[in-house]
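Results of the structural survey
The residues making up each chain are set out below.
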Amino acid sequence: MGNGGSGRRFVCLIGAAVIVFIAGTGVALGVVLAETVNIMNQENFQEFAPALPTKIVDINGELITEFSADEKRELVSLADLPRHLIFAVLAREDPSFYKHRGFSIRGIARAVYGVLTGQPLGGGSTITQQVAGTLYTDRSERTISRKIRELWWAFQIERRYSKDEILEIYLNYMYMGPGVYGVEAASKYFFSHSAKDISLAEAAILVIQLSSPSKYNPLDNPNRAMDRQLDVLDRMVALGYTTKADADASFNEYWENYDYTRVSQAAYFHRDDKAPWFSEYVRRELDGMMYKTMDYYRDGYTVYTTLDLGFQDAAQRYMEEGIARANREYRASSGNRLVRAEYMYIPIVDLLSLAFDVNILRGTSQERNESRAVNRYTKAINPAIDLAALAFGLEDMKGISNAGFAELKANTEENVVEGALIVLENETGYIKAIIGGSKYDENNQLIRATQGRVMPGSSFKPLYYSAAIDSGKFTPSSLIYDAPIVFYNEDGTPYLPLNFRGEWKGSVLLYDALAQSMNVPSLKILDTIGFGAAIDRAALLLGIDDPNVKRRTFPHVYPMGLGIISIAPIQMARAFAVFANGGREVTPMAIRYIENRNGAVILDNERDIRLRQRQKGSAIQLISPQNAYVMTSLLKKTVEIGTLGGQGAKFVFVDEDGKRYRIAAAGKTGTTQNWSDAWTVGFTPYYTTAIWFGFDKPGNSLGLTLTGATLAGPIWGDFMREIHRGLPARDFKRPETGVIDIRVCAKSGQLLTPDCDEGEILLTFLDDFRPTEYCAYHSGDGEYRSHIALETMRTGIASFDDSEVLTELRMPSLDLNQLPAVAPEGAYRAAVPPDAPPYVPATAGDAPQTADGGPQLELTLPILDDFELPSYNPLME
């Protein structure tokens, strides 16, 4: 080990010596050339390659938009900047800037040693070299000759300009964030004020953007930015630029007031753009791919993407309709609730508070008026104040208007329904369309399709059903009993799941439980296979391989099985696309390759992705083709007979000869707790589409009428029909071996017998776990059928101590003596069936009796004629 370590160090030293020698040669060459007559006479350093916009084109070569850098650069004089900003730049980038002649042998040697040893020791370029490299060389060229040219230009810049002038060029020119150049524009982007007013901690945040704006963007990566910010502050203290106390105080103040809800947004958004959500996603991808080698705002690249503008236009059209409908119905339902509360219940509460001197109830009317006043201020008055502040430069008034807009933003996030859509091509992973929200503008750039962290609800269930099918403990025809049940979480807390509308189906087969989105059978499956198997399979399909992210995403509690987790629509689309792709990994991709202004390919993203996939070997097969096919067959039932049953007809087309044909489709809906999120994720052999509707901040309900099946489902069906027009008929690819189709009894799920007279169903099974027993329910006698039914009820039902549960669960009670004996006029009276037994007068102290001796109770409810009792839906679809 010692000899090996010495050998490696020797090689590193030799390599460093060679690089330093070459650099020295370049320096000498630059010095000589700098003294020639031609160079002495050349004073125009502004003649470099002209800036050209970068073109973003779709899969068919049609222009989507252009990125240019003309919008966000604001010049500022070095004399106007605070000293601690200058010190921060020098401490981070070039401490000896005012001492060297444009290069640093020590810096070059340090950088070379870092490359050879794999240690992050920083770059070797001085500030002058960075200016020279950015202005006069192609930084995508990573060669020694390019470094020599950079050094040569650095000498010319040092000869032509003073140190202060070079530093001023540097601070005004360098790229420092999404579409922003220079410290002034960057300060306004990150901190909403001029660089002239920047704090010590903000200066440290700003200078780390010079290294990697995408990596250290505090809006995207606050923890990473915090760590590097501390490094800069410590460096400034070590160099004597500030004190430890001042650095700590500024650091603490910055993070105590940091807005963790803000997201990174493009500073340049006023551009002609046919697909702004997709373009913004591509821009952020370019930030990670191209910085430090290319400037896509000036260098005239062409980015070839996966988008299909035809798909994008259809997606935009259908999502606009869906979001508009969702907001109309949400406002109508919430408005009715508020009106009823305002005119019926609030006056009653005020009256009771006055009559019985209940101070805690008093002030309801005042709060109502205050709410109205705040609403009018934020929507009507505040915009006028903001306009006046901007027009007359009233900074104090601008602060007031900003607070008003913050209140309006918070109210919008809680009360405006948003939506997202993403489409993947199954075989390639191409992102064909993205809708990130209602309207892309300066205040709405959160791409919910990729950045949103929302609950998927029941659309999550197929992910662990896949693990259940592989376990052999369940098959598509497994019989499960759907009835109220208590599950206990690991900490001992009870959990009582409920079905949509509070309905229970009794004995059901697994395929039907999934198609109809039943909660209790799903949690019985989760309970049987275990959290470990369920989470491992879900994480695999969603593409979550970081153990920490996996642990945070999937809590070991039963609500997880109903999709009470936070993930992005793109992850759900990816998981379902794996089913459609025969179990093979699907990597979502937006950028295929990039050409420079001369037409040469300088980055081939698709080639790199395919290479990484090939290197995985058999690991590219996330689940077996057989499991994927069985899951696809189950999800086809959702479109045929389940919650997407109304969408199946949309996949029937007519060819040129007038013949009808069908493209196979499968999917799953999801509606989360309190109806706050509505999902549909579905796929064909061609494409997978995920659609989500909900609120940016949780807490409100979409309402009983807006669910995954009623809101997202129809939009999914209409959109998928449009993008499949003209495509030939295709079914999902069936594995040559390992699966089998069997007709089973629709009641028992077992093999058919001549006595099975309650229907049959054709299901697909793994060959190793096919049903082997004939239907005992219909073949046995009555006593045996009762025995089978009883055993089915017992199977999978958690056992618990009644006395223990009763101490934790409480049912509401009603004091009958408090009810009115006679209904007031206009009251609602419970209907009595015409065939009900006649009433028999009750004796004193006895409950009312019917003629056959059973208990009889008549309730009269004093509520309004036009009031409808809502159907109870306590959980989700």
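Residues numbered from 1 in each chain as written. Predicted model: local features only at pLDDT ≥ 70, side-chain atom pairs only at ≥ 80, totals over all residues. Heavy atoms only, no water.

Some details on unusual backbone geometry
Unusually for a residue other than glycine, S192 sits at a positive phi of about 65 degrees. Position of S192 relative to the elements: it lies in the loop between α8 (182–191) and α9 (200–208). Overall, the relative accessible area of 62% leaves S192 in the exposed class. Despite not being glycine, S517 shows a phi value in the positive range, around 60 degrees. By the element assignment, S517 lies in the loop between α18 (510–515) and α19 (519–529). (Helix = DSSP H or I, 4+ residues; strand = E, 2+ residues; numbered from the N terminus. Buried < 20%, exposed > 50% of the residue type's maximum accessible area, 1.4 Å probe, protein only.)

Some words on the sheet that holds strand β1 (residues 54–57)
Sheet architecture is open: 5 strands sit in the order β2-β1-β5-β12-β13, paired in mixed fashion. The two strands at the open ends of the sheet, each matched to only one other strand, are β2 (63–67) and β13 (601–603). Adjacent strand axes in the sheet meet at a mean angle of 30 degrees, parallel and antiparallel pairs treated alike. Where β1 meets β2, 4 bridges bridge the pair, whose relative direction is antiparallel. When the bridges of β2 are listed, K55 appears paired with E66. Contacts between helix α23 (residues 605–615) and the sheet are confined to β12 (591–595) and β13, with β12 contributing the most and set at about 135 degrees to the helix. (Pairing = 2+ DSSP bridges. Axes fitted to C-alpha atoms, helices over the stretch in contact; angles between N-to-C directions. Contact = heavy atoms within 4.5 Å.)

Describing the confidence of the model for the protein chain
Confidence along the protein chain averages 79 in pLDDT terms, with 68% of residues attaining 70 or more. Low confidence marks residues 31–48, where pLDDT is under 50. Its contacts with residues over four positions away, or in another chain, come to 29 contacts. In this model, residues 792–877 is a region of pLDDT below 50 whose contacts with residues beyond four sequence positions or in other chains number 104 contacts. (pLDDT = per-residue confidence, 0-100.)

A short note on the pattern of salt bridges
The final tally for this structure, using the stated rule, is 26 salt bridges. Between R92 and E93 there is a salt bridge, with its nearest N and O atoms 4.0 Å apart. Classification of R92 as partly exposed rests on a relative accessible area of 24%. Judged by its relative accessible area of 15%, E93 falls in the buried class. The partner of R607 in a salt bridge is D608, and the shortest N-O contact between them spans 3.5 Å. With relative accessibility at 52%, the residue R607 sits in the exposed group. The partly exposed category is assigned to D608, whose relative accessible area is 28%. Residues joined by salt bridges that share partners form a network here, namely E280, R283, R284 and D287. (Salt bridge = Lys/Arg side-chain N within 4 Å of Asp/Glu carboxyl O.)

Some points on the packing of α8 against α9
The geometry of α8 relative to α9 is characterised by a closest axis approach of 11 Å and an angle of 115 degrees between their N-to-C directions. Here α8 lies roughly perpendicular to α9, going by the angle between them. Between α8 and α9 the crossing geometry is right-handed. Listed contacts from α9 to V183, A186, S187, F190 and F191 of α8 are E202, I205 and L206. Taken together, the residues of the contact of α8 with α9 sort by class into 6 nonpolar, 1 polar and 1 charged. (Parallel < 35°, antiparallel > 145°, perpendicular 65-115°, else oblique. Left-handed = near helix turned anticlockwise from the far one by under 90°. Nonpolar A, V, L, I, M, F, W, Y, C, P; charged D, E, K, R; others polar.)

Brief notes about the packing of helix α5 (residues 127–136) against helix α6 (residues 144–160)
It is at 8 Å that the axes of α5 and α6 come closest, and there the two elements cross at 110 degrees. Overall, the two elements α5 and α6 adopt an arrangement that is roughly perpendicular. Between α5 and α6 the crossing geometry is right-handed. Between α5 and α6, the residues in contact are T128, Q129, V131, A132, G133 and Y136 and K147, E150, L151, W153, A154, I157 and E158, respectively. A class-by-class count of the residues in the contact of α5 with α6 yields 7 nonpolar, 3 polar and 3 charged.

A few points about the nonpolar core
Here is a general trend for soluble globular proteins: nonpolar side chains tend to be buried in one another's company. In this structure, F278, L286, I431, I434, L542 and F554 are the most contacted members of the largest nonpolar core, which totals 105 residues. Counting residues per element, this core draws most heavily on helix α22 (residues 569–580), at 9 residues. A88, I205, I208 and M236 belong to the second-largest nonpolar core, a separate cluster that totals 57 residues. (Core = buried A, V, L, I, M, F, W, Y, C linked by side-chain atoms within 4.5 Å.)

Comments concerning α5
Judged by how many residues are buried, α5 sits mostly within the fold: 9 of 10 residues are covered. Along α5, the positions that sit buried rather than exposed are I127, T128, Q129, Q130, V131, A132, G133, L135 and Y136. Next to the buried residues of α5 lie α3 (83–93), α6 and α7 (163–173).

Examining the sheet that holds strand β7 (residues 431–435)
If you trace the 5 strands from one edge of the open sheet to the other, you get β7-β6-β18-β17-β16, paired in antiparallel fashion. The open sheet has two edge strands, β7 and β16 (666–671), and neither has a second partner. Ignoring which end each strand starts from, the neighbouring axes of this sheet average 5 degrees apart. Judged from the 8 bridges that link them, strand β6 (residues 418–425) and strand β18 (residues 687–694) form a sheet pairing that is antiparallel.

Some words on the packing of aromatic side chains
As enumerated under the stated definition, the model contains 32 aromatic pairs in all. Ring plane angle 90 degrees and centroid distance 4.9 Å describe the contact between Y254 and W255, whose orientation is recorded as edge-to-face. Relative accessible area serves as the criterion here: at 12%, Y254 is assigned to the buried category. A centroid spacing of 6.0 Å and a plane angle of 70 degrees characterise the contact between F576 and F579, whose relative ring orientation is edge-to-face. Residue F576 and its partner F579 are both found in helix α22; the two are separated by 3 residues, about one turn of the helix. By the burial criterion, F576 is buried, and F579 matches it. One aromatic cluster in this structure is built from Y189, F190, F191, F251, Y254, W255 and Y258. The side chain of K163 reaches across the aromatic face of F97, ending 4.5 Å from its centre. Positioned above the aromatic ring of F311 is the side chain of K432, whose terminal nitrogen or guanidinium carbon lies 5.7 Å from the ring centre. (Phe/Tyr/Trp six-rings, centres within 6.5 Å; stacked < 30°, edge-to-face > 60°. Lys NZ or Arg CZ within 6 Å of the ring centre and 35° of its normal.)

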